[in-house]
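Read off the chains here:
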Amino acid sequence: MKRIFLSILVLVFINTYSYSQVTQINSNNGLNPTYPLAPDKTILVSDVDNTIWVTNSTAAGTTKLSTTIFYEGAEVVLNGLFIFKGSSAATGIEMFVTDGTTIGTKLLSDIYPGANGSEPDDVMALLNGKVYFTAYRPAEGRELWQTDGTPLGTTFVKDIIPGPTSSNLAGNYNLMSNGSFLLLAVNTASEGNELWKSDGSASGTSLLKNINTGTTSSDPDNFYVYNNRVFFQATDDAHGREYWKTDGSPAGTSILKDINPGIASAFSMFNFSFFYLFNGKAYFIADNGVTGDEIWSTDGTEANTTLLKDIHSGPIAFTALFTSMKVGNNFFFSTTNAVDRFEIWQSNGTTAGTQLFMSFSDNTFILPSFVIDPNSNNLNYTQPLFQGNKFFFISGSAANGDELWVSDGTIPGTHLVKDINPGSDNGILSASYIYTASHFYFTADNGVNGEELWKTDGTEAGTSMVFDVNPGPGSSEPSLAFFINNGKLMFTANNGDNANRDLYVVNGTITPLPVRLIDFTVTPNNADAFLRWSTAQEVNSKDFVVQRSDDGVHFVDISSIEAGGNSSLKRFYSFVDPGILNSGRGMVYYRLNFRDKDGASTLSNVIALNLKGKTKWNVRLLNNPAGSNINILVSGVTNDAQFTITNIAGVPVYKSTPSKANGQLSLPIGTLPAGVYLLISESNNERKTTRFIKQ
């Protein structure tokens, strides 16, 4: 009795003390926040028994949804429904759905009747309001299925290889959607593993192209959506393994470029296959057989698929392009030769503008690691910027060990946040974190309290431990949810009472980062203008109003596209402005107005679309007088452009050569004194001079 009484006293003391920082809302069930269905409803999965739970970030609102249905490791969200690969004793592994209620947690379809289960593939794709996946049934083998989230709407698409033979193995379909059609790999006896296309119907599911003719496979994979095309990897006997592109038609499916000429491959085991979008071009890692793995860029044409820069002289290098960060007119990435160079580089998209930013050559073989948002869709990662212009990264040194750094894209603005574990010991042991509007939350070990939850505002004074969940030197090893639920930041941790993890929330109201637009492109498509954009995160978003202008200044609303509301994953949107190329206009301008449910709104950059092929290039000031930036709208540029700002005496004070000139550009002038300046724009062997006032 005495032991029980003392334990109660200890728990009361700990919980009372913890209420000022964190609150435990569930104990010892190993609940992991998995996906937000609504601002106050998040689905969780137990790593103890794979049961499905729901929470509103309170103890009373954290409940188990089913005792007979279990999560099996794959999911997608459609129209507020959590559609997942699950199992039950009666059905085996099948497709299930939940709306976050007990009654709404149920089987979608017993595709393979009985306890065997159809074992749906882990990779699913969204197209036109339906989820596509592959599943196995003895009569057809493994083939393509679809669901709209209802039992009646869960149906078979096509028996691609008639009879019980599967059209591929689980995990080999590489199913993806670009918002207009599906791409998948299908393996037939007559063609091998080749590229197929589907619109979601049986008649619209067919071979797109037999890339490696005959029965030898091209093995298409690593798909990436770029404007109205899809890039992917494939192999043929003439070119080896290279990047290909498709617009969804056989004629429009071709090799991007034979980067490593002949049958040699452009890819190695030392770099991930990944594209990074910057100023309208896609950047990726490839080996041309001479320079080794280096950064290349492309606009989708063979002529403009080129080596950006030979950064490393040796054949072995690793460049973390997938963690790149865009700040201002540059993107930043880390790279190493795995011997004596551990560096951060910056690039404006040109060879001359790709330069060493900072070296960590004494950091005992630790590659600087940018802290990105790990949620991904189609291998695209989000890029949160703290306070609008900063990013965090982890790097090491002999003096400080592995610690958290912050940068605003300038050398003076790049520094160690805090030597959390003083001296050469590591303060950062694992990467679990989340960006919020006011703080960056992460896990760290100060050498006294073990690995616990910390937060920072980017300054040393503003960096502190949130709470010692596992008191003393023991580590609670927090794992943070990458989204905010009901104004609360959730995380899992182990308080040391047993092996199972507990669920906590950080007290107070936590504000997430707002909607983040990753890319916005406008391309001609026959007589139409095709607009595409994607977001990295949405919080309380209402819609996207598409606006059009004839002069780049006066805009009218032409459509409204419903937004996702609340999402931590990348979402794709598109809009077609029909017949605009036949309107007689020479140039049109587009922008997006993001509107939140609380009435707030934000405008995107302006994109110009040339409707008549050759139009005289032009530069227009969007703010005059100007403050910290001069915003300009550029149109009609077909070659490289250079923008120089001079004082009234003609002395240059700023120069920029952007890799993509057309559209809205922002030139930083905050350090210039107030006065009159000249903007000199040069392109197409022509110079334009515009006077403006710096306030």
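Presented here is an overview of the structure given in this document. Values in this document were obtained by computation on a predicted structure and should not be read as measured data.

So, the sheet that holds strand β56 (residues 663-668)
Read from one edge of the open sheet, 3 strands run β52-β53-β56, paired in antiparallel fashion. In this open sheet, the two edge strands, each paired with only one partner strand, are β52 (618-621) and β56. With strand direction ignored, the average angle separating the axes of adjacent strands in the sheet is 30°. Bridge count between strand β53 (residues 629-635) and β56: 6 bridges; the pairing is antiparallel. Pairing of Ile632 across the sheet is with Leu665, part of β56.

Structural notes on the environment of Thr456
Turning to its location among the elements, Thr456 is positioned in strand β38 (residues 451-456). Taking the C-alpha atoms as reference, Thr456 lies 9.7 Å from Val466; in sequence the two are 10 residues apart. Leave out the neighbours within four places in its chain, and Thr456 touches Phe386, Phe392, Leu404, Val417, Ser438, His439, Phe440, Phe442, Gly462 and Thr463. Within the structure, Thr456 has its side chain in polar contact with the backbone nitrogen of Gly458 (distance 2.9 Å). Within the structure, Thr456 has its side chain in polar contact with the side chain of Thr463 (distance 2.6 Å).

Quick notes on the packing of aromatic side chains
Applying the stated rule across the entire model yields 39 aromatic pairs. Relative to Trp405, the ring of Phe360 has its centre 5.2 Å away and its plane inclined at 90°; by these criteria the two rings are edge-to-face. Pair noted here: Phe360 is in the loop between β29 (355-359) and β30 (369-370) and Trp405 is in strand β34 (residues 403-407), with a separation of 45 residues, a long-range link. With relative accessibility at 5%, the residue Phe360 sits in the buried group. The class of Trp405 is buried, set by a relative accessible area of 14%. With 5.5 Å between their ring centres and 80° between their planes, Phe544 and Phe594 make a pair best called edge-to-face. Highlighted residues: Phe544 in strand β45 (residues 541-549) and Phe594 in strand β49 (residues 587-596), separated in sequence by 50 residues. Here the aromatic residues Tyr224, Tyr226, Phe231, Tyr243, Phe267, Phe275 and Phe284 are joined through ring pairs into a cluster of three or more.

A look at the side chain of Ser397
Among the secondary structure elements, Ser397 is positioned in the loop between β33 (391-395) and β34. Using a relative accessible area of 13% as the deciding quantity, one classes Ser397 as buried. Here the side chain of Ser397 touches Asn400 through a polar contact of 3.0 Å, landing on its backbone nitrogen.

Quick word on the sheet that holds strand β22 (residues 276-278)
Taken in spatial order, the 4 strands line up as β22-β23-β24-β25 in an open sheet, and their pairing is antiparallel. A strand with exactly one partner marks an edge of an open sheet, and here the two such strands are β22 and β25 (306-309). On average, each strand axis in the sheet is inclined to that of its neighbour by 45°, with strand direction left out of account. Note that strand β23 (residues 281-287) and strand β24 (residues 293-298) share 6 bridges and pair antiparallel. Along β24, the bridge assignment pairs Ala282 with Thr298.

Criteria and cut-off values
- Residues numbered from 1 in each chain as written.
- Predicted model: local features only at pLDDT ≥ 70, side-chain atom pairs only at ≥ 80, totals over all residues.
- Heavy atoms only, no water.
- Pairing = 2+ DSSP bridges.
- Helix = DSSP H or I, 4+ residues; strand = E, 2+ residues; numbered from the N terminus.
- Axes fitted to C-alpha atoms, helices over the stretch in contact; angles between N-to-C directions.
- Contact = heavy atoms within 4.5 Å.
- Polar contact = N/O pair within 3.5 Å; in protein donor to acceptor, adjacent residues only side chain to side chain.
- Phe/Tyr/Trp six-rings, centres within 6.5 Å; stacked < 30°, edge-to-face > 60°.
- Buried < 20%, exposed > 50% of the residue type's maximum accessible area, 1.4 Å probe, protein only.

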